[in-house]
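# Coordinate analysis (summary)
One letter stands for each residue in the lines below.
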Amino acid sequence: MRVIWDAPIPMDDGVVLRADIFLPEAEGHYPVIITSGPYGKGLAFQDGYKGSWERMIESFPEIVEGTTSSFQVWELVDPEKWVPDGFACVRIDGRGSGRSPGKIELMSKREIKDFYDCIEWAADQPWSNGKIGINGISYYAINQWLVAAMQPPHLAAICVWEGATDWYRDWSRHGGILSQFDQVWFKGQVASQQHGLGERGARSRLNGELVTGPETLSPEVLAGNIVYCYDEELQRPLDGPYYRERTADHSKIQVPLLSAANWGGMGCHLRGNFEGYLAAGSSQKWLEVHGNTHFAPFYRNSGVELQKRFFGHFLKGEDTGWDRQPPVQLAVRRPGEHFMTRAEQEWPLARTQWTRYYLDPETRSLSLTPEPSAPVGYDTMGDGLIFSLPVSNHEVEITGPIAVRLFVSSDTTDADIFLALRLYDPQGKEVLFIGANDPRMCIALGWLRASHRKLDPQRSLPYRPYHTHDEVQPLVPGEPVELMIEVLPTCIVVPAGYRLELNVRGKDYEHGLGDARGPDEIYTMTGAGPFLHAEPKDRPAEIFGGKNVLYFEEGREPYILLPIIPPAG
């Protein structure tokens, strides 16, 4: 292939962004796969994320078949696998990142306007056929929602692979509780690739150039060229303009889209793919849901084949069979990392049997009929309370979004509720799954700060409560309030003899097996990955470190609403 390094793309304010372009050897006009982001277009996957790369290749050696992997970078397509099929690949260092000067202000209007202009620039190049697609993971997926809502004339299709869509609810504040992800991620993966690090940064293994630009700027200049999103989110506990600027108006998204979610992506890489898919105004849209790690499904043969069929259809006009692709494709999950691909026509599934199971404090079970009882308290810094679904003599499938109603009081003016749906085998061992950002995760998670309990009646659904997060409603110590809590969508076939449990907690879920992170990884991996909620400025111990009480009297019957899928036939 032909490679153009550091192609200049001028912006309307005079800043020049830099792009690497990978083209087929033959002259011609080609459809373009374009991306823009903050991770350094010249930083090889193997150099920046050595441990993750080695584990991925060890698990799935097919990923390196037919490629030298020399041009592979974090969360983007491998040009050696795409260019031979007649695609041009364009990788852009976003403003202030890598070899593009400017100020890093993630997902801001300025950054998304840059992306819009880059799309239109690529459409006008002599090697382009004018049809532009976007394909990438996580950050390279999230900004797709935003730029697609701006409706660039030459954007023809988007493949949003594990990307949040609501900067408040999916990313920064789960149920109103601050996620600490940005605290670690931003410094480790974004600030580390800031333009101007120069000699303090890495060099490209391909062309020897400095990944973060030829000049080495002073710490003072660098500090003025970056906005730390964690600091911004910490001082903004309520939803508002900052978060809305970084959340798309989905009704304006009109291009064909493929939204790919990960059952194990709780905390960042799950909810947004469902919500974005449902809310997008596109008449042609598809949902795909898989399991396993954050990046392997994207690079495996099955993932690449799915993406190429999608883009081959919409960017090249080829008969790839995409016109027969079902609207929804699910990897139905069973214990032992067993998945079965199943075609569906809608989400949630029309045949869902929405079933309320009431929490019984006497037997600590989940039953079909409520049993009024006395309140039960729990220590918020302990393991909370557990309620078990009766063990069945046949398998039961649970696939879809989940809602939980609780009546809760606190001995202070607020309470944070953490919910975990957990599965145990007949021997009593918890069944864990490989997650997007943690190798051992439970079935599903949910969160809500009690003072954020206000619902939006227009957007709430029985199976997916939607909170406004626009005002604080403090608790009166000792007085119960009703909470409707969103638990993220899940899929699990519970085998006969297995036990499903709802764990009501006052802190993040942990499986108790220790930290599974490798020597070069910066994230904690104790069951919830890097999406922890223990920032003392957001969760002071004097407010959230005491006791909560659950109520069960008549008229205050707590329940979990489960999406039961009846057996076929």
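Residues numbered from 1 in each chain as written. Predicted model: local features only at pLDDT ≥ 70, side-chain atom pairs only at ≥ 80, totals over all residues. Heavy atoms only, no water.

By the naming in an unreviewed UniProt entry, the protein goes by CocE/NonD family hydrolase and is assigned to Luteibacter anthropi.

Judged by pairing direction, the sheet is mixed, and its 10 strands sit side by side in the order S1-S2-S4-S3-S5-S6-S9-S10-S11-S12 without closing on themselves. Of all strands in the sheet, those with a lone pairing partner are strand S1 (2-10) and strand S12 (338-344), marking the two edges. Put simply, the sheet's adjacent strands are angled 20 degrees from each other on average, direction ignored. Of the strand pairs in this sheet, strand S6 (residues 155-161) and strand S9 (residues 257-262) are connected by four bridges, and their pairing is parallel. Across the sheet, the residue bridging to Cys 159 is Leu 258, located in S9. Its contacts with the sheet place helix H11 (residues 271-279) against S6, S9, strand S10 (285-290) and strand S11 (328-334), and it is angled at close to 165 degrees to S10. Across the face of the sheet, helix H13 (residues 301-316) comes into contact with strand S3 (30-37), strand S5 (128-137), S6, S9 and S10 while running at roughly 165 degrees to S6. (Pairing = 2+ DSSP bridges. Helix = DSSP H or I, 4+ residues; strand = E, 2+ residues; numbered from the N terminus. Axes fitted to C-alpha atoms, helices over the stretch in contact; angles between N-to-C directions. Contact = heavy atoms within 4.5 Å.)

Moving on, we get to the side chain of Glu 344. With respect to the helices, strands and loops of the structure, Glu 344 is situated in strand S12. Exposure remark for Glu 344: the relative accessible area of 6% places this residue in the buried category. Side chain to side chain, Glu 344 and Arg 342 meet in a polar contact 2.8 Å long. If we skip the residues at most four places from it in the chain, Glu 344 touches Pro 326, Pro 327, Val 328, Leu 330, Leu 349 and Arg 351. (Buried < 20%, exposed > 50% of the residue type's maximum accessible area, 1.4 Å probe, protein only. Polar contact = N/O pair within 3.5 Å; in protein donor to acceptor, adjacent residues only side chain to side chain.)

Moving on: the state of the cysteines. Per the stated rule, a full pass over the model turns up zero disulfides. Unpaired in this structure, Cys 229 has its nearest cysteine sulfur neighbour in Cys 268, at a distance of 11 Å. Overall, the relative accessible area of 3% leaves Cys 268 in the buried class. (Disulfide = S-S within 2.5 Å.)

We now examine the pattern of salt bridges. For the structure on display, the rule yields 46 salt bridges. Note that Glu 553 is salt-bridged to Arg 556, the shortest N-O span being 2.7 Å. Residue Glu 553 is classed as partly exposed on the basis of its relative accessible area of 27%. Residue Arg 556 is classed as partly exposed on the basis of its relative accessible area, which comes to 30%. (Salt bridge = Lys/Arg side-chain N within 4 Å of Asp/Glu carboxyl O.)

When S1 meets strand S2 (residues 16-23), the two strands line up antiparallel, connected through seven bridges. Within S2, the residue paired with Ala 7 across the bridge is Ala 19. Counted between consecutive antiparallel strands, the loop separating S1 from S2 contains five residues, among which Gly 14 sits at a positive phi close to 95 degrees.

A few words now on the packing of aromatic side chains. Going through the model one piece at a time under the given rule, you end up with 39 aromatic pairs. Arranged with centres 6.2 Å apart and planes meeting at 75 degrees, the rings of Trp 185 and Phe 186 form a pair that is edge-to-face. Members of the aromatic cluster, each reached through a chain of ring pairs, are Tyr 39, Tyr 139, Tyr 140, Trp 167, Trp 171, Phe 181, Trp 185, Phe 186, Tyr 228, Tyr 523 and Phe 531. Lying over the aromatic face of Trp 82, Lys 308 brings its terminal NZ or CZ to 5.6 Å of the ring centre. The cationic tip of Arg 356 hangs over the ring face of Tyr 559; the distance from NZ or CZ to the ring centre is 4.2 Å. (Phe/Tyr/Trp six-rings, centres within 6.5 Å; stacked < 30°, edge-to-face > 60°. Lys NZ or Arg CZ within 6 Å of the ring centre and 35° of its normal.)

So, on to the nonpolar core. Membership of the largest hydrophobic core comes to 99 residues, with the highest contact counts inside it found for Ile 34, Met 56, Trp 185, Phe 186, Phe 310 and Phe 311. The element contributing the most residues to this core is helix H5 (residues 139-149), with nine residues. In contact with Trp 185, not counting residues within four places along its chain, are Tyr 39, Leu 106, Tyr 139, Trp 171, Val 190, Cys 229 and Tyr 523. Formed by 40 residues, the second largest nonpolar core is a distinct cluster that contains Val 408, Leu 421, Ala 444 and Leu 550. (Core = buried A, V, L, I, M, F, W, Y, C linked by side-chain atoms within 4.5 Å.)

In this section: the domain arrangement of the protein. Under the domain assignment used here, the protein contains domain 1 (2-161 + 177-236 + 292-325) and domain 2 (353-509 + 516-565). Each of domain 1 and domain 2 has a C-alpha centre, and these two points are 36 Å apart. Across the boundary between the two partners, domain 1 contributes 20 residues, which contact 23 residues of domain 2. Roughly 1,600 Å² of surface becomes buried between domain 1 and domain 2 when both sides are summed, with 58% attributable to carbon and sulfur atoms. On the domain 1 side of the interface with domain 2, the three residues burying the most area are Ile 177, Gln 180 and Phe 181, jointly 40% of the side's total. Scanning the region where domain 1 abuts domain 2 turns up zero salt bridges. Counting every contact that joins domain 1 to domain 2 gives six residue pairs in polar contact (both at pLDDT 80 or more). Going through the elements one at a time, helix H2 (50-59), strand S8 (177-178), helix H7 (181-190) and helix H9 (229-234) are the ones with two or more residues in the side of domain 1 that touches domain 2. Ranked by residue count, the leading element in the side of domain 1 that touches domain 2 is H7, at six residues. Of the residues that constitute the side of domain 1 that touches domain 2, the class distribution is eight nonpolar, 10 polar and two charged. (Domains from an automatic or database assignment. Buried area = accessible area lost by both parts, 1.4 Å probe. Nonpolar A, V, L, I, M, F, W, Y, C, P; charged D, E, K, R; others polar.)

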